[in-house]
Amino acid sequence: MNGLNSLGWQIHDHLKQYRPKMFQALKAEGRLNQYVLDQQTKADASLTFLEQRGLQPHEAMEMLQDQIFPPSEEDVPNLGETMQPYTD
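Note that the coordinates shown come from a computational prediction; the quantities given were computed from them, not determined experimentally. (Residues numbered from 1 in each chain as written. Predicted model: local features only at pLDDT ≥ 70, side-chain atom pairs only at ≥ 80, totals over all residues. Heavy atoms only, no water.)

Draft legend 1. Spotlight on the environment of H14. You can see H14 is positioned in helix α1 (residues 6–18). Considered as a pair, H14 and S72 are 58 residues apart in the sequence and their alpha carbons are 9.0 Å apart. Not counting the four nearest positions on each side in its chain, H14 is found in contact with R19, F69 and P70. (Helix = DSSP H or I, 4+ residues; strand = E, 2+ residues; numbered from the N terminus. Contact = heavy atoms within 4.5 Å.)

Have a look at this one:
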């Protein structure tokens, strides 16, 4: 995985743990590295934008956490759908 910074590796590891089907599909298609790099680039740009407007790094990260780290496949099987409410 060339070109990944700390955040990129966090995205990689998050996908591997919480979205294993997506991770394996991207890997099988040879697109995993590019996908993670693209997500890293978008996240870095968004974090920088917020920090330039006065937010502390941890505040910017907290605001963007749900965008940077997608929900688990168990909670949202298909990205773009809304989370299903908990039912007992």
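Draft legend 2. Representation of helix α4 (residues 57–68) in the model. Given a rise of 1.5 Å per residue, twelve residues ought to cover 16 Å, yet the end C-alpha atoms of α4 are separated by just 14 Å, more than 12% below that figure. The elements touched by buried residues of α4 are α1 and α3 (32–52). (Expected span 1.5 Å × (residues − 1).)

Draft legend 3. Examining the nonpolar core more closely. Counting 17 residues, the largest nonpolar core has L7, I11, L15, V36, L47 and I68 as the members making the most contacts within it. Elements represented by at least two residues in this core include exactly α1, α2 (20–28), α3 and α4. In contact with L15, other than residues within four places in its own chain, are P20, M22, F23, Y35, V36 and P70. (Core = buried A, V, L, I, M, F, W, Y, C linked by side-chain atoms within 4.5 Å. Buried < 20%, exposed > 50% of the residue type's maximum accessible area, 1.4 Å probe, protein only.)

Draft legend 4. Molecular detail of the pattern of salt bridges. Scanning the model with the defined rule gives one salt bridge in all. Salt-bridge contacts for E29 lead to R31; the nearest nitrogen and oxygen are separated by 2.7 Å. (Salt bridge = Lys/Arg side-chain N within 4 Å of Asp/Glu carboxyl O.)

Draft legend 5. Examining the environment of E73 more closely. On the secondary structure map, E73 appears in the segment after α4. Using a relative accessible area of 13% as the deciding quantity, one classes E73 as buried. Separated by 58 residues in sequence, E73 and L15 place their C-alpha atoms 9.6 Å apart. What E73 contacts, discounting residues up to four positions off in sequence, is Y18, R19, P20, K21 and M22.

Draft legend 6. Highlighting the packing of α1 against α3. Taken N-terminus to C-terminus, the directions of α1 and α3 make an angle of 125°; their axes are 9 Å apart at the nearest point. Of the possible angle classes, the one that applies to α1 and α3 is oblique. For the pair α1 and α3, the sense of crossing is right-handed. For the pair α1 and α3, contact is made by L7, G8, I11, H12 and L15 and by L32, Y35, V36, Q39, Q40, A43, D44 and L47, respectively. Classifying every residue of the contact of α1 with α3 gives eight nonpolar, four polar and one charged. (Axes fitted to C-alpha atoms, helices over the stretch in contact; angles between N-to-C directions. Parallel < 35°, antiparallel > 145°, perpendicular 65-115°, else oblique. Left-handed = near helix turned anticlockwise from the far one by under 90°. Nonpolar A, V, L, I, M, F, W, Y, C, P; charged D, E, K, R; others polar.)

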